[in-house]
Structure formats: structure tokens, C-alpha cells
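Spelled out from the first residue to the last, the chains are:
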Amino acid sequence: TDDASVTVNCVEADAELTVTKTASKTTNAAKDDEITYTVTVENTGNVTVKGITLSDTLVDLSSVTAFDLAPGAKKEGITYTYTVTQADVDAGKIDNSATATGKDPAGEDVTASDDAEVTTEAADADLTVEKTSEDSGVGVGDTVTYTVVVTNSGNVTVTGITMSDTLVTLSEPAFTLL
């Protein structure tokens, strides 16, 4: 009889995910536009990652079912939509990212993120003022009542709006128009 032993050195476990996120529209997004995001998650490590969930900073993705990925495998075609808000247009861009989180064989978290840059349409602040009076045939000493309508005809929120008149002093506080 003879005994023999062999030493086998295994490759060190390296759990790694890569997330790729794209947007259907990347420039000139306007309020109420719907942007479709597409996400791909790939296991770029050398061990299986299990229970992978996807989250997004702006959209609830709890309906995306958790999944496992073997080394080299991809989960493609994860799509969801986001509707552009006035706050996005005011900011000039949409900041959001998608994050994939799973567990390696040792039970440790494995995460990866990516964002898709979207810029909104150019800011166009514009106010329109209309001043009218229904009073006619007025004489000296008569009081004239004016109606003033201020309209935000631009595409961004305008804050700190104050009004003045060449004939009277106005005491209206500053206001904001969306």
C-alpha cells in the first residue's frame, strides 16, 4: 500500500455584480415626459450571487422579483418608467441610480449601482402680466379698481415675485408661480 496526498489550491471567491442602466430619453426632458429606464445586471465575479434585488432612487421596484446569477450570467431587459416632474425641470436634470444587491455563498452583501444621466429642457423663466379695469367714465376723485393677473408662461418655477405700480404703493407679499 502507498499513501499519496495532493494539495489543490482553489481560486479565491470573488463575488461581483455590474449594473448597466440606460434611459430612453437623455436630453430635453420636459415635465410629464415619460422616461423608460432599462437595467441589466451581470455577475462579473466567479461565484453565484443569490437573492438579487433591484432598487432605484426615484421608482419603487418592489415588483421586480429577486433572482440568482451564476458567474458570467446576465439578467437583461428589466424596464420601468419615470414621469418627469416640475422639480426635475427646475433642477435641470434627473439624478437617479439603480442598485442591485445580492448575497455571495458566504452570506455577504454584494452590491453594484449605475445611473443614467438625463438633462431636462433649457430653463425658460417668463412672466406675463395683464392689468385690466372695468371702470369707465371716471372723474376726478373717483376710485379705479384694477385687476392684475400674473402668469408663469415659462417652464420653470419662479420664486420671490414682487409687484409694483407707478401710481400706487402695493403691499402684496412676494409669491411663487409654478
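Residues numbered from 1 in each chain as written. Predicted model: local features only at pLDDT ≥ 70, side-chain atom pairs only at ≥ 80, totals over all residues. Heavy atoms only, no water.

1. Describing the sheet that holds strand S1 (residues 17–23)
To be explicit about the condition: Between any two strands, pairing holds if DSSP finds at least two bridges. Numbering of helices and strands runs from the N terminus, with a helix taken as a DSSP run of H or I at least four residues long and a strand as a DSSP run of E at least two residues long. For every element, the axis is a line fit to its C-alpha atoms; helices are fit only across the contacting stretch, and the angle between N-to-C directions ranges from 0 to 180 degrees.
Ordered by their spatial adjacency, 3 strands build an open sheet running S1-S2-S5, and the pairing between neighbours is antiparallel. At either margin of the open sheet sits one strand with a lone partner, and together these are S1 and strand S5 (74–83). Taking each pair of neighbouring strands and ignoring which way they run, the sheet shows an average axis angle of 20°.

2. Description of the pattern of salt bridges
The cut-off we apply is this: A side-chain nitrogen of Lys or Arg and a carboxyl oxygen of Asp or Glu constitute a salt bridge if their distance falls within 4 Å. For every residue, the accessible area (1.4 Å probe, protein chains only) is compared with the maximum for its type, and the residue is labelled buried under 20%, exposed over 50%, or partly exposed between those bounds.
Within this structure, the stated rule accounts for 5 salt bridges. Residue Lys21 is joined to Asp56 by a salt bridge in which the shortest nitrogen-to-oxygen separation is 2.7 Å. You can see Lys21 sitting in strand S1 and its partner Asp56 sitting in strand S3 (residues 49–56), a full 35 residues away along the chain. For Lys21, a relative accessible area of 5% puts it in the buried group. Between Asp33 and Lys25 there is a salt bridge, with its nearest N and O atoms 3.0 Å apart. We classify Lys25 as partly exposed; its relative accessible area is 29%.

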